[in-house]
Amino acid sequence: MMRLIIDIGNTTIKWAAHRDGELTPMNSARHFGALPLDIYAAWEQLPRPDHIMIASVAAETVLIAIDNLCYTYWQLVPERISAARVMQAAPALKTAYTDPHQLGIDRWLVLLAAQRHYPGTVLIIDAGTAMTFDGLLANGQHLGGLILPGIELMRQSLFHNTQLPPELRVDSSINWATDTGSAIASGCLHAAMAIAAQLCQQLQQYDAAPQLLLTGGDAERLLPVFNQLNNAGQVRHVPALVLEGLVELI
Ligand SMILES: Nc1ncnc2c1ncn2[C@@H]1O[C@H](COP(=O)(O)OP(=O)(O)O)[C@@H](O)[C@H]1O
Ligand SMILES: CC(C)(COP(=O)(O)O)[C@@H](O)C(=O)NCCC(=O)O
Ligand SMILES: [K+]
């Protein structure tokens, strides 16, 4: 049985095929609120899936467009995964959110994947359009978390609301920046790192060396900065963590 597993965030659509217990490498396309052209070509190459699973936190328009495409290509209606579905499948996973349905489905899924594959005390960081931080204990208790604008949004808000010239966009993770572009780039990364350090410190009341799982489009940028955190156990980059959560629901 071949399944197409899809995660729609506010910036990109990510997908992988699942067959014989294996997930193929993840692919992605930016959607800009509509269907990305590259997805037509990419999906034409896919073998016909028997079943399609989707988790989405994006605008309904994107989801409808994907539903239509799946129907056009394969006459299939994707199964849309909800928080209720995760709660039913994983009763030991308990969120501290007052209203569990308010917790984004992408966050439910990274919690589920972490619970199943990375047992212990975990800090999960999903660095996408927004950056989410979630604490999970070994017994499946989700402590809650924090939401921050993503790296790109942080930078954009500075360029949009100041006279700083946009050509100052560079990549840097330096501690003491000596030019404006590096100061902005590195400042955004260090903001994320400072929160991670603080949350890791909080988690140390449960575990001396909490694991840190990093996913999302900005994970690679953050990885070198997060590796400087000396109170985290292992920092792992898990690009397909949301998709791995979906696989747990098969
Ligand atoms: N090709 C790329 N070049 C530069 N940055 C990228 C690229 N792809 C993703 N990003 C970064 O990743 C972020 C989006 O991460 P992603 O996990 O795809 O978001 P979402 O899950 O919200 O759709 C963007 O805000 C951007 O900073
Ligand atoms: C926080 C988010 C916007 C992150 O979305 P993303 O960056 O993955 O596109 C998404 O998880 C969401 O809409 N959550 C609902 C609110 C919450 O989790 O509290
Ligand atoms: K995110």
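Since the model is a prediction, treat every value here as computed from it, not as a measurement.

**As for the packing of helix α1 (residues 37-44) against helix α2 (residues 60-74)**
Helix-helix packing is described using two parameters, namely the angle between the two axes and the distance between the axes.
Part 1: At a minimum axis distance of 12 Å, the contact between α1 and α2 shows a crossing angle of 30°. When the axis of α1 is compared with that of α2, the two are roughly parallel. Note that α1 runs across α2; the crossing there is right-handed. Touching Ile39, Tyr40, Trp43 and Glu44 of α1 are Ile66, Leu69, Cys70, Tyr73 and Trp74, all from α2.
Part 2: Residue composition of the contact of α1 with α2, grouped by class: eight nonpolar, no polar and one charged.

**Focus: the nonpolar core**
Part 1: In terms of nonpolar packing, the biggest core is built from 30 residues, with Val86, Leu93, Leu109, Ile124, Leu213 and Leu241 touching the most fellow members.
Part 2: Residue assignment for this core shows that the elements contributing at least two residues are β5 (51-56), α3 (83-89), α4 (105-117), β7 (122-127) and α8 (241-247).
Part 3: The element contributing the most residues to this core is α4, with eight residues.
Part 4: Looking at which domains feed residues into this core, each of domain 1 (3-80) and domain 2 (83-247) gives three or more.
Part 5: Beyond its immediate stretch of four places on either side in the chain, leucine 241 contacts Leu109, Val110, Ala113, Tyr118, Ile124, Leu213 and Thr215.

**Here's the deal with the UniProt feature "active site" (unreviewed entry) in the protein chain**
Part 1: On the UniProt side, "active site" (unreviewed entry) is annotated at positions that read Asp106 here.
Part 2: The residue aspartate 106 is located in helix α4 in this model.
Part 3: Looking at aspartate 106, the relative accessible area reads 19%, which means it is buried.
Part 4: Beyond its immediate chain neighbours, meaning those up to four positions away, aspartate 106 contacts Val57, Asp126 and Val242.

**Regarding the site of ligand 1**
Part 1: Around ligand 1, 13 residues are found, and the nearest of them are Thr11, Thr12, Lys14, Thr129 and Gly217.
Part 2: At a separation of 3.3 Å, an oxygen atom of ligand 1 approaches a polar backbone atom of asparagine 10.
Part 3: Residue lysine 14 places a side-chain N or O atom 2.6 Å away from an oxygen atom belonging to ligand 1.
Part 4: Protein chains shield 70% of the accessible area of ligand 1, which is 560 Å² for the free molecule.
Part 5: Here the shell around ligand 1 is built from residues that sort into one nonpolar, eight polar and four charged.
Part 6: Built from parts of two domains, the shell around ligand 1 gets at least three residues from each of domain 1 (3-80) and domain 2 (83-247).

**Things to note about the site of ligand 2**
Part 1: Around ligand 2, the structure places 14 residues, and the nearest of them are Asn10, Tyr97, Asp106, Arg107 and Ala130.
Part 2: Contacts to ligand 2 include alanine 130, whose backbone N or O atom sits 2.8 Å from an oxygen atom.
Part 3: With the chains in place, 79% of the 470 Å² that ligand 2 exposes on its own is no longer accessible.
Part 4: Mapped onto the shell around ligand 2, the elements with two or more residues apiece are α4 and β8 (130-136).
Part 5: Two domains each put at least three residues into the shell around ligand 2: domain 1 (3-80) and domain 2 (83-247).

What counts as what
- Residues numbered from 1 in each chain as written.
- Chains lettered and ligands numbered in written order.
- Predicted model: local features only at pLDDT ≥ 70, side-chain atom pairs only at ≥ 80, totals over all residues.
- Heavy atoms only, no water.
- Axes fitted to C-alpha atoms, helices over the stretch in contact; angles between N-to-C directions.
- Helix = DSSP H or I, 4+ residues; strand = E, 2+ residues; numbered from the N terminus.
- Parallel < 35°, antiparallel > 145°, perpendicular 65-115°, else oblique.
- Left-handed = near helix turned anticlockwise from the far one by under 90°.
- Contact = heavy atoms within 4.5 Å.
- Nonpolar A, V, L, I, M, F, W, Y, C, P; charged D, E, K, R; others polar.
- Core = buried A, V, L, I, M, F, W, Y, C linked by side-chain atoms within 4.5 Å.
- Buried < 20%, exposed > 50% of the residue type's maximum accessible area, 1.4 Å probe, protein only.
- Domains from an automatic or database assignment.
- UniProt positions renumbered as here; feature names shortened; annotations may be inferred.
- Near = heavy atom within 4 Å.
- Polar contact = N/O pair within 3.5 Å; in protein donor to acceptor, adjacent residues only side chain to side chain.
- Areas by Shrake-Rupley, 256 points an atom, 1.4 Å probe, with all protein chains shown as cover.

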